[in-house]
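# Coordinates in review
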Amino acid sequence: MERWPLVAIAAAALLGAAAVQPLLSEQRAVACLGLAAFLLVAARAHDGSARFRVVLVVALVAGAASAWGHLATAATVEPDRTTRIRCTVVGDVQAQSGTSSFLCALDDGPTLLVSASGFVPAIAAHVLLRGRVEPFDDARNPQEPSERNLERDRGAAGRIAGARLLALLPPARATVAIEVARLHAWAGAALRARLEEPAASILAGELWGDRGSLAPDLRAEFQETGTVHVLVTAGLHLGVVGGLVLALLGALRVSRVGACAGTILCVWFYALASGMHVPAMRAATMLSFALAARAYGAKTLSFNAIAAAALVVGLCDPLAIPGASFALSFSCIVAIAAWADPIGEVLRPIASLPEGVREGVTLTIATQLGTWPLTAAIFNTFSPYAVLANLAVVPAVGATML
C-alpha cells in the first residue's frame, strides 16, 4: 500500500460498484470475498492511518453511488408491439444474404442492435424502419456468458430482429454518438476511395474499431488466431497516436511538459472519436498517467497507473465491470505489468534474439497469459499460436496506422 496507494483506492471503488449491481451468483461471491479481504487489508494499511482509511471508505461509497446512479438512469428495454421506429445508424453495419445488421440510436431512446431487410444503410444515416423492440437474454445456464452483458460492451441496450427498412429520413438532431458516427462515415469513405477491400475495412478496424465491414470469414480468422484485439481501439492504437503526436510536438521544440499536455488532449480526443469504449477509456487514462509522469521525470508504467484507469472506469462506467471487455482489458495490462520482467529474464540468455524481438515476444507472452483463461471461459476459444500471430500482426498494425 505504501508503494501503490491507488491500487487500494481503485479496489475500494470497484468493490463498491460491484456490490450494488445485479451480478451472477459466482460474481457476487467473488465480490463479497474480495470486499472482506479488502477490508482486512485496509484495516492495516499505512500502519493504521485513519486518513487513508477514510479515503478508502469514500472510494467505496463513491463506487457504490456511481453504480446506483447509472443503474437508476440506464436505458431499459421492454418487449413492445411491432411499430415504426426512427433511428440513426451509429456503427457496425454488416450486410449478408439480403439482410443487414447495425447499431442504431433511437431518436428518443437507447441504442439498439437492428437486423433488417431492405436496403443497406450507411453509417450516420437516419432511417425509418418497422420492427419489434426486444431485450437481450441473460445467462440461462451455469457458466454461460450473458448476452445482455456482451452486447452492452458493444453499446446496445436491446435489439430489433426481423425489421424492415422503409425509408431514409433527413438527418436527426446532433448528439455525440451521431457526430462520432458521421466522423467514421467520412473517414471510411476516404479510406475506400484510396484502398481496395479488404485493406480499407481492416484499416477502419485498426483506426476506430469498425469491424462491421469485414467479411465474415476474415473476421473469424482474426478471432481464431487471437488477433481480434487489433480491431478494438485500446492501448496499442492510442499508443501509436500518442507517440506520433509526442514526436511531432518534440520536432516543433515544444517543452517536455507542453508536449505531454498536448499529447494527453489528443489521446482523449482520439478515444472519444473511437467511441470511448472501456479499452479506450482504460488506455487513455493510463497514457495520461504515463505522460504526466514523463513530464516530471517519474516512472511511466506502474500498478498505480493501472489502478488510476480502473478508478476512472469504475466511477465513469461502473456497469461495465461485470462485462467481458472490462475483464479482458485489465487482465491484459495487469499481466504485462506483473510478468513482463520475469519472462524477459527467462528469455535473456537466448543471445540470438535481437532486443526488439525479445521485447515483442515478452509482451506477447505476458498478454496471452492474461487473456487465454478469459477467452476460453467466455468465448470457448483458445489460440495457442496467438503468440506467433501477434508477433507478425502487432508491428504491422502500428506501421499501417502511421
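Residues numbered from 1 in each chain as written. Predicted model: local features only at pLDDT ≥ 70, side-chain atom pairs only at ≥ 80, totals over all residues. Heavy atoms only, no water.

Our next topic: the environment of A366. Structurally, A366 can be placed in helix 13 (residues 355-379). In this structure the C-alpha to C-alpha distance between A366 and A340, which are 26 residues apart in sequence, comes to 5.8 Å. In this structure, A366 is in contact with A335, I336, W339, A340 and I343, ignoring residues within four places of it in sequence. (Helix = DSSP H or I, 4+ residues; strand = E, 2+ residues; numbered from the N terminus. Contact = heavy atoms within 4.5 Å.)

Our focus in this paragraph is the packing of aromatic side chains. Applying the stated criterion across every chain yields a total of 1 aromatic pair. Aromatic side chains F326 and F330 sit 4.7 Å apart centroid to centroid with 40° between the ring planes, which places their arrangement in the tilted category. Of this pair, F326 and F330 are both found in helix 12 (residues 324-347), 4 residues apart, which corresponds to roughly one turn of the helix. Each member of the pair F326 and F330 is classed as buried. (Phe/Tyr/Trp six-rings, centres within 6.5 Å; stacked < 30°, edge-to-face > 60°. Buried < 20%, exposed > 50% of the residue type's maximum accessible area, 1.4 Å probe, protein only.)

This part takes up the environment of T381. Note that T381 resides in the loop between helix 13 and helix 14 (386-401). Note: C-alpha distance between T381 and T225 (156 residues apart in sequence) is 9.5 Å. Filtering out sequence-adjacent residues up to four positions away, T381 remains in contact with Q223, T375 and A376.

With their axes 10 Å apart at the nearest point, helix 11 (residues 303-316) and helix 12 run at an angle of 170° to one another. Regarding the angle of helix 11 to helix 12, the classification is roughly antiparallel. Contacts between helix 11 and helix 12 involve F303, I306, A309, A310 and V313 on the former and, on the latter, F326, F330, I333, V334, A337 and A338. Class assignment of the residues belonging to the contact of helix 11 with helix 12 gives a composition of 11 nonpolar, no polar and no charged. (Axes fitted to C-alpha atoms, helices over the stretch in contact; angles between N-to-C directions. Parallel < 35°, antiparallel > 145°, perpendicular 65-115°, else oblique. Nonpolar A, V, L, I, M, F, W, Y, C, P; charged D, E, K, R; others polar.)

This part covers the nonpolar core. In terms of nonpolar packing, the biggest core is built from 33 residues, with I9, M286, V313, F326, F330, I333 and I336 touching the most fellow members. Mapped onto this core, the elements with two or more residues apiece are helix 1 (5-19), helix 3 (50-73), helix 10 (278-295), helix 11, helix 12 and helix 13. When residues in this core are grouped by element, the largest group, 8 residues, is from helix 12. (Core = buried A, V, L, I, M, F, W, Y, C linked by side-chain atoms within 4.5 Å.)

Here the focus is a nonpolar patch on the surface. A contiguous nonpolar surface patch, about 300 Å² in accessible area, is contributed by V20, W68 and L71. Mapped onto the elements of the fold, W68 is located in helix 3. (Patch = residues over 30% accessible without salt bridge, like charges linked within 9 Å, V, L, I, M, F, W, Y side chains within 5 Å. Areas by Shrake-Rupley, 256 points an atom, 1.4 Å probe, with all protein chains shown as cover. Salt bridge = Lys/Arg side-chain N within 4 Å of Asp/Glu carboxyl O.)

Further remarks concern helix 8 (residues 235-251). Look at helix 8: 24 Å from first C-alpha to last across 17 residues, which is about the 24 Å you get at 1.5 Å a residue. Restricting attention to buried positions, one finds in helix 8 the residues H237, L238, V240, V241, G242, V245, L246 and L249. Where helix 8 is buried, its residues contact helix 6 (199-208), helix 9 (256-273), helix 10 and helix 14. (Expected span 1.5 Å × (residues − 1).)

Within the closed barrel, the 5 strands sit side by side as 1-2-3-5-4. Their pairing is mixed. Across the sheet, the axes of successive neighbouring strands diverge by a mean angle of 50°, strand direction being ignored. Relative to strand 5 (residues 158-169), strand 3 (residues 111-117) runs parallel, the two sharing 5 bridges. When the bridges of strand 5 are listed, L112 appears paired with G158. (Pairing = 2+ DSSP bridges.)

What the rule picks out here adds up to 1 disulfide. There is a disulfide in this structure between C87 and C104, and the S-S distance comes to 2.1 Å. Taking the sign of the torsion about the S-S bond as the criterion, the disulfide between C87 and C104, at about 90°, is right-handed. Taken together, the positions of C87 in strand 1 (residues 83-96) and C104 in strand 2 (residues 99-106) put the pair 17 residues apart, joining distant regions of the chain. (Disulfide = S-S within 2.5 Å.)

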